[in-house]
Amino acid sequence: MCASPSALPYDDRDGFIWMNGKMIPWRDAKTHVLTHGLHYGGSVFEGERVYDGQIFKLTEHSERLIFSGKCLDMDVPFSAKELNDASYEVIKANNITNGYVRPLAYRGAEQMGVSAKGTKVHVAIACWEWPKYFFPKAGDAAGLALRTASWRRPDPKTMPTQAKACGVYMIGTLAKHEAENNGYDDALMLDFRGRVAESSGANLFAIRDGVIYTPIADCFLNGITRQTVMKLARDMGYTVEETVIMPEDMKTFEEVFLTGTAAEIAPVSKIDTDITYTIGPVTTRLKEAYSDLVRQKAKAA
Ligand SMILES: Cc1ncc(COP(=O)(O)O)c(C=O)c1O
């Protein structure tokens, strides 16, 4: 489950959402049903975390939103600096000091049909408190149970796999539903070649004999947290290798964890019915170091 069970519907909350340069009341942040982005998948988004009033890696996220738009032949009509400023305006307007920011860029309702050349690109930024992304069924102390999905990450020639594009998430949602329907927390997704890729919404790391391995991000999102954790681990003296990991390799690791902006560092306890892990020393040290890093940055800012 990804949302706290008590969460209110996202369209029925108090607060403000930044839309196309204006701060508007939350419930008025609407779009028409004939919006092109809704019909043909012309939309990209970001997910950012706020720690003690500072948005971690904000410029990287704003730049990725613009990059994701470009991957869809869609020019986001704001600069990274303008998106950064708007993100701070929105957290201020909603009085969020620890939470999550969600920028979205999508094609408007000016045109129908597959071509989108006549559409305008709209941008909205919302934020809310989102203390936890994962609620492992076995409890936080145990970690996440993953189920190998029948759905796979596609060939980069099939989809713009490096873009954080809404349409790409259709596969993640199917994989996650399959996992949840079978009593698991999330999906372990393989790629089109049958290699281990990531989960439905976070990157994957695995540890053997003190060495940290992570799949090569050549057909799925090269997460900002993934890059941060690789650097952090190397700075802490660990060897980190980006490598090919096959499903049968998963039983050779001692620890496994997921990384993502929303998920942060989330330990994995189980894959399918036959592989189990404990939350080991490397995961624990990295979790602590990541938690310090995101807040140190906040203090220094
Ligand atoms: C499919 C997928 N992979 C990886 C990630 C991790 O990316 P990041 O660390 O930039 O949040 C996310 C989260 O946004 C995701 O949705």
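Residues numbered from 1 in each chain as written. Predicted model: local features only at pLDDT ≥ 70, side-chain atom pairs only at ≥ 80, totals over all residues. Heavy atoms only, no water.

- The protein chain has the name Branched-chain-amino-acid aminotransferase in an unreviewed UniProt entry, where Micavibrio aeruginosavorus is given as its organism.
- What UniProt records for the protein chain under Sequence similarities (unreviewed entry) is the sentence "Belongs to the class-IV pyridoxal-phosphate-dependent aminotransferase family."
- Quoted verbatim from the Function (unreviewed entry) field of the UniProt record, the comment on the protein chain reads "Acts on leucine, isoleucine and valine." (UniProt positions renumbered as here; feature names shortened; annotations may be inferred.)

So, the site of the ligand
No. 1: Close to the ligand lie 16 residues; K164, Y169, E198, T225 and T261 are nearest.
No. 2: The contact in question runs from an oxygen atom of the ligand to an N or O atom on the side chain of T225, over 2.6 Å.
No. 3: Within the side chain of T261, a nitrogen or oxygen atom sits 2.6 Å from an oxygen atom of the ligand.
No. 4: Relative to its unbound accessible surface of 390 Å², the ligand loses 93% to contact with the protein.
No. 5: Going through the elements one at a time, helix 5 (224-235) and strand 14 (255-260) are the ones with two or more residues in the shell around the ligand.
No. 6: Grouping the amino acids of the shell around the ligand by side-chain chemistry returns 4 nonpolar, 8 polar and 4 charged. (Near = heavy atom within 4 Å. Polar contact = N/O pair within 3.5 Å; in protein donor to acceptor, adjacent residues only side chain to side chain. Areas by Shrake-Rupley, 256 points an atom, 1.4 Å probe, with all protein chains shown as cover. Helix = DSSP H or I, 4+ residues; strand = E, 2+ residues; numbered from the N terminus. Nonpolar A, V, L, I, M, F, W, Y, C, P; charged D, E, K, R; others polar.)

Overview of the domain arrangement of the protein chain
No. 1: Along its sequence, the protein chain is organised into domain 1 (16-128) and domain 2 (144-300).
No. 2: Computed from C-alpha coordinates alone, the two centres of domain 1 and domain 2 are separated by 25 Å.
No. 3: Counting residues at the interface gives 22 residues for domain 1 and 22 residues for domain 2.
No. 4: Approximately 1,800 Å² of surface area, both sides summed, lies buried where domain 1 meets domain 2, with 67% of it carried by carbon and sulfur atoms. (Domains from an automatic or database assignment. Contact = heavy atoms within 4.5 Å. Buried area = accessible area lost by both parts, 1.4 Å probe.)

Here's the deal with a nonpolar patch on the surface
No. 1: On the surface, V33, L34, Y40, M112 and V114 cluster together into a nonpolar patch covering about 510 Å² of accessible area.
No. 2: With respect to the element layout, V114 can be found in the loop between strand 6 (99-107) and strand 7 (121-128).
No. 3: V114 gets classed as exposed once you look at its relative accessible area, which sits at 72%. (Patch = residues over 30% accessible without salt bridge, like charges linked within 9 Å, V, L, I, M, F, W, Y side chains within 5 Å. Salt bridge = Lys/Arg side-chain N within 4 Å of Asp/Glu carboxyl O. Buried < 20%, exposed > 50% of the residue type's maximum accessible area, 1.4 Å probe, protein only.)

Observations regarding the pairing of strand 6
No. 1: The element strand 6 is extensively covered by neighbouring structure, given that 7 of its 9 residues are classed as buried.
No. 2: Two elements, strand 3 (residues 43-45) and strand 6, share 3 bridges in a ladder whose sense is antiparallel. The residue bridging S43 from the neighbouring strand is Y106, located in strand 6.
No. 3: Pairing analysis gives 3 bridges linking strand 4 (residues 48-51) to strand 6, with the strands arranged antiparallel. Note on strand 6: the bridge partner recorded for R49 is Y100. (Pairing = 2+ DSSP bridges.)

Some words on the packing of aromatic side chains
No. 1: If you walk through the whole model with that rule in mind, you get 12 aromatic pairs.
No. 2: Both rings, one in W18 and one in F78, keep their centres 5.0 Å apart while their planes meet at 65 degrees; by these two values the pair is edge-to-face. Remark: F78 occurs in the loop between helix 2 (58-71) and helix 3 (80-93) and W18 occurs in strand 1 (residues 16-19); sequence separation between them is 60 residues.
No. 3: Under the relative-accessibility criterion, W18 is labelled buried at 4%.
No. 4: Using a relative accessible area of 17% as the deciding quantity, one classes F78 as buried.
No. 5: Ring centres of Y133 and F134 lie 4.8 Å apart, and the angle between their planes is 80 degrees; this geometry places the pair in the edge-to-face category.
No. 6: Counting every residue linked through ring pairs, the aromatic cluster contains Y10, Y100, W128, W130, Y133 and F134.
No. 7: Here the guanidinium or amino end of R13 rests over the ring plane of Y10, the centre of that ring lying 3.9 Å away.
No. 8: Positioned above the aromatic ring of Y213 is the side chain of R208, whose terminal nitrogen or guanidinium carbon lies 5.1 Å from the ring centre. (Phe/Tyr/Trp six-rings, centres within 6.5 Å; stacked < 30°, edge-to-face > 60°. Lys NZ or Arg CZ within 6 Å of the ring centre and 35° of its normal.)

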